[in-house]
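# Overview (structure and organization)
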Amino acid sequence: MELKPYIRKTNYYETDQMGIIHHSNYIRYFEEARVDFMEQLGFGYARTEQEGVEIAVLEVQCRYKTMVRFGDTICIRLSIKELTPAKMVVGYSIEDAKTGELRTTGETLHCFLSGGADKKLVRLNRTLPKLYDLLAACVAEEK
């Protein structure tokens, strides 16, 4: 499956006093790219939750390489770095869309939970095997 990177233009309100994108926004960019990725798979967050699975963030890592400024267009490439039935690691690479310069890298660690009030850890390969297979195919394409 050919997945497209997530392209986004930065906004003025995302900048800090120095005129660069505030560090907290990169976590939002990761989420936006992840939501777009899931939509491209045909399993958006709304569908996943309707089918009884929630994807929770357990950990975020972000490494700033060069500054992103107001008005820059960025390209966010996402990859599934690791997948088990209970957890996955998603990798991100943020580049300048015009120059290809690497701006930021990062990872998020997620677990799969049951929907509703109980929020118990589930094995995605048993609870939602179609989504698990789609994610597993993305890991296989990386290798």
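First, a word on scope: everything that follows refers to the structure included in this document. (Residues numbered from 1 in each chain as written. Predicted model: local features only at pLDDT ≥ 70, side-chain atom pairs only at ≥ 80, totals over all residues. Heavy atoms only, no water.)

### Quick look at the environment of Ile-76
Let me state the cut-off plainly: Each helix is a run of DSSP H or I of at least 4 residues and each strand a run of E of at least 2, with the numbering of both proceeding from the N terminus. The contact criterion used is simple: two residues touch if any of their non-hydrogen atoms lie within 4.5 Å.
Inspection of the secondary structure puts Ile-76 in strand 3 (residues 73-83). With near-sequence residues (within four places) excluded, Ile-76 lies in contact with Pro-5, Tyr-6, Tyr-29, Ala-33, Tyr-92, Ser-93 and Ile-94.

### Description of the pairing of strand 5 (residues 102-114)
Here is the rule we go by: Under the scheme applied here, a residue whose accessible area is under 20% of the maximum for its type counts as buried, over 50% as exposed, and between as partly exposed, the area being computed with a 1.4 Å probe on protein chains only. At least two bridges found by DSSP between two strands is the condition for calling them paired.
Strand 5 sits mainly inside the fold: 11 of its 13 residues count as buried. Here strand 4 (residues 87-96) folds back onto strand 5 in antiparallel fashion, the turn holding five residues, of which Gly-100 has a positive phi close to 80 degrees.

### As for the pattern of salt bridges
Which entries qualify depends on this criterion: Salt-bridge detection follows one rule: a side-chain nitrogen of Lys or Arg within 4 Å of a carboxyl oxygen of Asp or Glu.
As enumerated under the stated definition, the model contains nine salt bridges in all. Close ionic contact of Glu-32 with Arg-8 constitutes a salt bridge, the shortest N to O distance being 2.5 Å. You can see Glu-32 sitting in helix 1 (residues 25-41) and its partner Arg-8 sitting in strand 1 (residues 6-9), a full 24 residues away along the chain. You can call Glu-32 partly exposed: its relative accessible area is 25%. Owing to a relative accessible area of 10%, Arg-8 belongs among the buried residues under this scheme.

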